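In case you want the letters, here they are:
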Amino acid sequence: MQIPIVRLALGDAEIEAVSRVIRSGWVAQGPEVAAFEREFAAAMGAPFAVAVSNCTVALELSLRVAGVRPGDDVATVSHSFIATANAVVAVGARPIFVDIQPDTYGMDSAALARAITSRTRAILCVHQIGFPCDLPAILAVARPRDLPVIEDAACAIGSEIRIDGAWQRIGRPHGLLACFSFHPRKLVTTGDGGMVTTSDPTLAERLRSLRQHAISTPNPARHDSHQVALESFSEPAFNFRMTDLQAAVGRPQLARLSAIIAERRALATRYTEALADHPLLAPPTEPPWLRSNWQSYPTTLRPGGRMSQVEIMQFLLDYGVASRRIGNAHAEPAYATCAWSCGQEPCDHTAHAAGRCLRLPLSERARDTTILLPLFHGMSPAEQDYVLHTLRALPG
Ligand SMILES: *Cc1c(COP(=O)(O)O)cnc(C)c1O
């Protein structure tokens, strides 16, 4: 058996939707994108949602409209997909990496408070692998310092957090802007795609403008006009549009989101029960104030086990079971230099290259001791049995 880390779960509804768009004669950003935005905003509990080409540019635009300028610092986490740090560099700013909480894989608010300096212009936190980070604690650090909080919610479509005694989906605005991804590795996919939610109408308008060259008249309006419309462009901007083909594929999945999460939660519960007495791997625990959407299922190496992370991952792969881990940007060649990331001036380049300059012990431990198991909606009981059987066969 071959068990991938994720398998597409698209069907007739999505095929019908794409056919409808092709027959309509309009495939670029248009009415389907507008409808997807309305439905996404409603589903997350946000006043506004703005669709873009992917989450990386959603983060980049969000940092820009939040006022981050070249030369600024942005406090973020290293323990994430590299896109988080890349978005900071894309606006000319410097990522300052903050350590994480081990149970949520998210930014630690006390470490954040220590990392803020007069150069810090924004906070970019991550709801990693569908586990919400401790947003109330991060906002409590940000608000007195008047720093905007941008949420990298790429993996967190439908994840929930308990705030003021009520469960709320991530993307209901608490920070300034939240950014989502529709890459196939996330719960809802449009091939590639991204979305920003906010409660600020001015920011939403500015995002809509910047994603489309800051053009005065958007394409569908110009197309339908009976008067010659000469467009103008108010500032240098981008083409970060989503297409109607993509939005149409996203809409039926969004309508199924609650069922998708329920199915994933059932798979996660089954893994957790089966791993309770596993000699090498421990199941995750969900803190009582969050509900993961189970974008990924993280297991942790138990202390004293005789197999390394990579040995276990290789054993699984030899039996056809894919697994993953989350990296650390600060240890990648792209960021392993003081100029980008160490935040210490002057910085000892030799120490940095040797990994001594910027120590993020909890991020490094999470990278080195966590293994993500295959979990996707559409996974059959037989497939999960096969993964569990392989895990029990580990020579530990
Ligand atoms: C997937 C992911 C991104 C990037 O999303 P794209 O839509 O592929 O650009 C950013 N941050 C995190 C945490 C992710 O998991």
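Quick note: structure is the one above.
So, here is what we can say about the structure in this document.

Definitions and cut-offs
Residues numbered from 1 in each chain as written. Predicted model: local features only at pLDDT ≥ 70, side-chain atom pairs only at ≥ 80, totals over all residues. Heavy atoms only, no water. 1 Å grid on protein atoms, 1.4 Å probe; cavity = no way out; pocket = protein on both sides within 12 Å on 5 of 7 lines; lining within 4 Å. Points joined across faces, edges and corners; volume = space filled by probe spheres on them. Helix = DSSP H or I, 4+ residues; strand = E, 2+ residues; numbered from the N terminus. Nonpolar A, V, L, I, M, F, W, Y, C, P; charged D, E, K, R; others polar. Domains from an automatic or database assignment. Axes fitted to C-alpha atoms, helices over the stretch in contact; angles between N-to-C directions. Parallel < 35°, antiparallel > 145°, perpendicular 65-115°, else oblique. Left-handed = near helix turned anticlockwise from the far one by under 90°. Contact = heavy atoms within 4.5 Å. Pairing = 2+ DSSP bridges. Buried < 20%, exposed > 50% of the residue type's maximum accessible area, 1.4 Å probe, protein only.

### Details of the layout of surface pockets
By volume, the largest pocket amounts to about 590 Å³. Lining the largest pocket are 32 residues; nearest its centre among them are Phe81, Ile82, Cys155, Arg185 and Lys186. Within the residue set of the lining of the largest pocket, elements represented by two or more residues are helix 3 (55-65) and helix 4 (83-90). For the lining of the largest pocket, the leading source of residues is helix 3, giving 3 residues. The class makeup of the residues in the lining of the largest pocket is 12 nonpolar, 13 polar and 7 charged. Counting only domains with at least three residues in the lining of the largest pocket, you end up with domain 1 (12-256) and domain 2 (258-392).

### As for the packing of helix 1 (residues 12-24) against helix 9 (residues 244-255)
Look at helix 1 against helix 9: their axes get within 8 Å of each other, and the N-to-C directions meet at 150°. Here helix 1 lies roughly antiparallel to helix 9, going by the angle between them. For helix 1 against helix 9, the interelement crossing comes out right-handed. Judged by residue contacts, Ala13, Glu14, Ala17, Val18, Arg20, Val21 and Ile22 of helix 1 engage Asp244, Leu245, Ala248, Val249, Arg251, Pro252 and Gln253 from helix 9. Residues that form the contact of helix 1 with helix 9 fall into these classes: 9 nonpolar, 1 polar and 4 charged.

### A few points about the sheet that holds strand 11 (residues 290-291)
Strand pairing in a sheet relies on backbone hydrogen bonds. The paired strands run either parallel or antiparallel. Strands sit in the order 7-6-11 across an open sheet of 3 strands; the sheet is antiparallel. The open sheet has two edge strands, strand 7 (166-169) and strand 11, and neither has a second partner. Note that strand 6 (residues 160-163) and strand 11 share 2 bridges and pair antiparallel. Along strand 11, the bridge assignment pairs glutamate 160 with arginine 291.

### Some remarks on the pairing of strand 8 (residues 177-181)
In terms of burial, strand 8 is largely enclosed, as 5 of its 5 residues are buried. Bridge analysis of strand 5 (residues 149-152) against strand 8 gives 3 bridges, and the strand direction is parallel. Among the inter-strand pairings, aspartate 152 is bridged to a residue of strand 8, identified as cysteine 179. Where strand 8 meets strand 9 (residues 194-198), 4 bridges bridge the pair, whose relative direction is antiparallel. Note that in strand 9 the partner of cysteine 179 across the bridge is valine 196.

Interpretation note: all reported values are geometric properties and have no functional meaning in isolation.
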